[in-house]
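Report on the structure
If you want the building blocks of each chain, they are given just below.
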Amino acid sequence: MKTITTINTLVFVLLTVLYFYQFIYIFIALIHEKRRKKSEYTPKKLHRFAFIIAARNESAVIANLIKSIKAQDYPSELIDVIVIADNCTDNTAEISRMNGAIVYERFDNQLVGKGYALDFAFQKITADYGDYTAYDGYFIFDADNIIAKNYVSEMNKTFDQGYRVITSYRNSKNFDTNWITSGYSIWFCREAKYLNNPRMLLKTSCAVSGTGYLVNSEIIKKYKGWKCNLLTEDIQFSVVNILDGEKIGYCSNAMFYDEQPETFKQSWHQRMRWSKGFYQVMFKYGKDLIMMAFKKRQMFISCYDMFMTIAPATLLSFGLLVLNIIFLILAAANPLLFKQLIPITLESAVFAIASFCLLMFSVAAITLITEWKNIIASPKKKIWSLFTFPLFMLTYIPISLVALFKKVEWKPITHCVSKTMEEIELQQQYKQ
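These notes cover the structure that comes with them. Everything quoted here is computed from the prediction, not taken from an experiment.

1. Overview of the overall build of the protein
Each helix and strand counted, the protein has 16 helices and eight strands in total. Classification of the 432 residues of the protein by burial places 54% in the buried group. Restricting to contacts in the protein with at least 6 residues of sequence separation, those with at least 24 account for 81%. Accessible surface, the protein as shown: approximately 20,100 Å² in total, 63% of it carbon and sulfur.

2. Re the packing of aromatic side chains
The final tally for this structure, using the stated rule, is 30 aromatic pairs. On the basis of an interplanar angle of 20° and a centroid distance of 6.2 Å, the ring pair of W179 and F264 is categorised as stacked. With W179 in helix α7 (residues 179–201) and F264 in helix α10 (residues 264–295), this pair connects stretches of sequence that are 85 residues apart. For the ring pair F392 and Y396, a centre distance of 6.2 Å and an interplane angle of 85° mean the geometry is edge-to-face. Of the two residues, F392 and Y396, neither departs from the other in class, the shared state being buried. Directly above the ring of F392 sits R271, whose terminal nitrogen or CZ lies 4.3 Å from the centroid. Over the face of the ring belonging to Y396 we find R271, whose NZ or CZ atom lies 4.7 Å from the ring centre.

3. Considering the pattern of salt bridges
In total, this model carries 15 salt bridges according to the counting rule given. R106 is the partner of D108 in a salt bridge, and the nearest nitrogen-oxygen pair spans 3.9 Å. Judged by its relative accessible area of 5%, R106 falls in the buried class. Note that R170 and D258 form a salt bridge whose closest N and O atoms lie 2.6 Å from each other. A residue pair is termed long-range when its members are at least 10 positions apart, and R170 in strand β6 (residues 165–172) and D258 in strand β8 (residues 249–258) qualify at 88 residues.

4. Here's the deal with the sheet that holds β6
Spatially, β3-β2-β1-β4-β7-β6-β8-β5 is the arrangement adopted by the eight strands of the open sheet, whose pairing is mixed. Of all the strands in the sheet, the pair left with one neighbour each is β3 (102–106) and β5 (146–147). In this structure, β6 lies alongside strand β7 (residues 213–216), joined through three bridges in antiparallel fashion. Counted as the bridge partner of V165 is V215 from β7. Where helix α3 (residues 62–70) meets the sheet, it contacts β1 (49–55), β2 (79–86), β4 (137–142) and β5, and its direction lies at approximately 165° from that of β2.

5. Points about the pairing of β6
The two faces of the sheet receive side chains in turn, since in a regular strand these alternate between them. In terms of residue burial, β6 counts as a mostly covered element, since eight of its eight residues are buried. Taken together, the seven bridges between β6 and β8 define a ladder with parallel strand orientation. Counterpart to I166 in the pairing with β8 is G249.

6. Section: the nonpolar core
I52 and F122 are the most contacted members of the largest nonpolar core, which totals 116 residues. What F122 contacts, discounting residues up to four positions off in sequence, is I52, Y132, Y138, I140, I220, G225 and W226. Among the nonpolar cores identified, the runner-up in size contains six residues, and L231, M272, I399 and A403 belong to it.

7. Regarding the packing of helix α9 (residues 233–243) against α10
The interhelical angle for the contact between α9 and α10, taken along N-to-C directions, is 15°, at an axis separation of 10 Å. Classed by the angle they form, the pair α9 and α10 counts as roughly parallel. Classified by chirality, the crossing of α10 by α9 is left-handed. Where α9 approaches α10, its residues I235, Q236, V239, V240 and L243 are matched on the opposing element by F278, V281, K284, Y285, D288, L289 and M292.

8. Side note on the packing of helix α2 (residues 20–32) against α7
Between two packed helices, both the angle of their axes relative to each other and the distance between the axes serve to describe the pair. The geometry of α2 relative to α7 is characterised by a closest axis approach of 8 Å and an angle of 80° between their N-to-C directions. Classified by the angle their axes make, α2 and α7 are roughly perpendicular. Between α2, through Q22, Y25, I26, I28, A29, L30 and H32, and α7, the contact on the second element is made entirely by R190, K193, Y194, L195, N197, P198, R199 and L201. Classifying every residue of the contact of α2 with α7 gives nine nonpolar, three polar and three charged.

9. Some remarks on the environment of L358
Mapped onto the elements, L358 comes out in helix α13 (residues 335–371). Assessed through its relative accessible area of 57%, L358 is described here as exposed. Taking C-alpha positions, L358 is 7.7 Å from P390, a pair spaced 32 residues apart along the chain.

10. Focus on the pairing of β2
Across the eight residues of β2, eight count as buried, placing the element largely inside the fold. Every second residue of β2 is oriented toward a common face, with I79, V81, V83 and A85 on one face and D80, I82, I84 and D86 on the other, all of them buried. With seven bridges connecting them, β1 and β2 associate as parallel partners. When the sheet's bridge partners are listed, I53 is paired in β2 with V83. Since β1 and β2 lie parallel, the crossover through α3 that links them has a hand, and here it is right-handed.

11. Regarding unusual backbone geometry
Within the chain, N57 stands out as a residue other than glycine whose phi angle is a positive 50°. Owing to a relative accessible area of 33%, N57 belongs among the partly exposed residues under this scheme. The backbone of K224 shows a phi angle near 55°, a positive value even though the residue is not glycine. Looking at the secondary structure, you find K224 in the loop between α8 (217–222) and α9.

Each value, and the rule that gives it
Residues numbered from 1 in each chain as written. Predicted model: local features only at pLDDT ≥ 70, side-chain atom pairs only at ≥ 80, totals over all residues. Heavy atoms only, no water. Helix = DSSP H or I, 4+ residues; strand = E, 2+ residues; numbered from the N terminus. Buried < 20%, exposed > 50% of the residue type's maximum accessible area, 1.4 Å probe, protein only. Contact = heavy atoms within 4.5 Å. Areas by Shrake-Rupley, 256 points an atom, 1.4 Å probe, with all protein chains shown as cover. Phe/Tyr/Trp six-rings, centres within 6.5 Å; stacked < 30°, edge-to-face > 60°. Lys NZ or Arg CZ within 6 Å of the ring centre and 35° of its normal. Salt bridge = Lys/Arg side-chain N within 4 Å of Asp/Glu carboxyl O. Pairing = 2+ DSSP bridges. Axes fitted to C-alpha atoms, helices over the stretch in contact; angles between N-to-C directions. Core = buried A, V, L, I, M, F, W, Y, C linked by side-chain atoms within 4.5 Å. Parallel < 35°, antiparallel > 145°, perpendicular 65-115°, else oblique. Left-handed = near helix turned anticlockwise from the far one by under 90°. Nonpolar A, V, L, I, M, F, W, Y, C, P; charged D, E, K, R; others polar. Right-handed = clockwise from strand over helix to strand, strands pointing away.

If you want it as structure tokens, here you go:
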């Protein structure tokens, strides 16, 4: 009995110690930035950018993203929009052209995934313009996104300060649809405010997340295109650049809006791909991150942080549960011992679940309090999301377990939330 109690305690303490730095991140963010402030930095140059948008059957939403790019308070002659119509069977390409985008159509059923589509775009650019550096930088976006009017201006300020990879504030178009969309939304707001924001304040490296980030063309040139093609090409790209000594920046004033999956089936498939992708990155780069953390002291925080980001903590928790069950099975031959172990095992399970739910509730509460005005939802739905967020996060446990053994392939997610930037602004004003 002492053995199982000791193991349970040690694992709990270990996880607390390993992830304690993220509590420090929250403290730093709260101290330094009670509210988002307008940057006073004046860029020396207005850089030339291209938006690269990988789109597969996105006719319902692609036009709104392009229009929001065209409506920027930034010189229009310095912005191009490039859409990769990737294996489309609808009129995504036609709609994109009608709205002023450069369109490259791609048909390849063997090399499937966003990474391959991005590389296709960069090869087309260098063929048409002679070099990857035809633009100073490339924004990577998904077709369902929309950007605020000052997005490029704010990103240009950070870009002009020397950051060669920059991520931004990821908000949501459909927070208020249900518990699934609000779960995603809180996580991404928390990622922006309480992970990337304190990383930027500490001058360590941030991490890009799926969409809404800017890459210097020199980096694209260095790799001769886009060579990150694992299931989570974004986190792979972050790890590769951190290992190369690149410091990824974050621009808190550049906000964009993302569409979240609305059904559990869609969410299951998407998060299954994410979980599998994180395993792929861990197995491929985990050792390198640990070695680099101790090899170069100035990179310790960045490498350790990224290692813990991709580490499968949910599997460790699940493994502990399995271990408790094994102890019960082994003790079954001894009725007295079995009877004594049952309450210990149940107590451990209840404590673990309760602690996790309380932690997730606290994370959601802090995020909602500080980001209240940015979140598009009624007060009632925001408050309700406090109680559903822990449930959303608990569903990662079976997803992470299945992903460990299941073969996972990239699958497109249908996007249908068609909102203009003007509609989002009105919603924000109305739902406060």
